[in-house]
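Each chain, letter by letter, is given below.
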Amino acid sequence: GFNSFDIQVIVKSLVKYYNVAVAFIALEAPDDLKLKACYGISLQSVGHESIARHSIARDLPIIIEDAQADRRFAEDALVTGPPALRF
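The model shown is predicted, which means the values in this text are computed figures rather than measured ones.

1. Topic: the overall build of the chain
So, point 1. Of regular secondary structure, the chain possesses three helices and three strands.
So, point 2. Walking the chain from its N terminus toward its C terminus, one meets helices and strands in the order α-β-β-β-α-α.
So, point 3. Going through the 87 residues of the chain one by one, you find that 28% of them count as buried.
So, point 4. Sequence separation of at least 24 residues holds for 24% of the intrachain contacts in the chain that already meet a minimum separation of 6.

2. Remarks on unusual backbone geometry
So, point 1. Positive phi values are uncommon outside glycine, yet Asn19 reaches one of about 55°.
So, point 2. Topologically, Asn19 is positioned in the loop between helix 1 (4-18) and strand 1 (23-28).
So, point 3. With relative accessibility at 70%, the residue Asn19 sits in the exposed group.

3. So, the sheet that holds strand 1
So, point 1. Read from one edge to the other, the open sheet built from three strands follows the order 1-2-3, with strand pairing classed as antiparallel. Of all the strands in the sheet, just strand 1 and strand 3 (45-47) have a single pairing partner and so form its edges. Across this sheet, the average inter-strand angle for adjacent strands is 35°, counted without regard to direction.
So, point 2. Looking at chain direction, strand 2 (residues 32-39) and strand 3 are connected through three bridges and run antiparallel. Its bridge partner lying in strand 3, Leu33 is registered against Val46.
So, point 3. Its contacts with the sheet place helix 1 against strand 1 and strand 2, and it is angled at close to 70° to strand 2.

Criteria and cut-off values
Residues numbered from 1 in each chain as written. Predicted model: local features only at pLDDT ≥ 70, side-chain atom pairs only at ≥ 80, totals over all residues. Heavy atoms only, no water. Helix = DSSP H or I, 4+ residues; strand = E, 2+ residues; numbered from the N terminus. Buried < 20%, exposed > 50% of the residue type's maximum accessible area, 1.4 Å probe, protein only. Contact = heavy atoms within 4.5 Å. Pairing = 2+ DSSP bridges. Axes fitted to C-alpha atoms, helices over the stretch in contact; angles between N-to-C directions.

The structure is reproduced here in structure tokens:
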């Protein structure tokens, strides 16, 4: 199985490959999403209403021009606080 080091290596590889500032692997729990490995973010969990959950629930990529201007995500902790996601 995977250990936390393996998962962190995967996240760092994704950051490098996609040239992004933030990446994480989350596991869905009954009350929230538990961030198991992170890069560019210090949160340990995010709510089910999070932009991250919207990405998980779709078969296709989600493209949001400005998360702060999108009423679905304007109050999301990933938008209002660090890492201040926008696009």
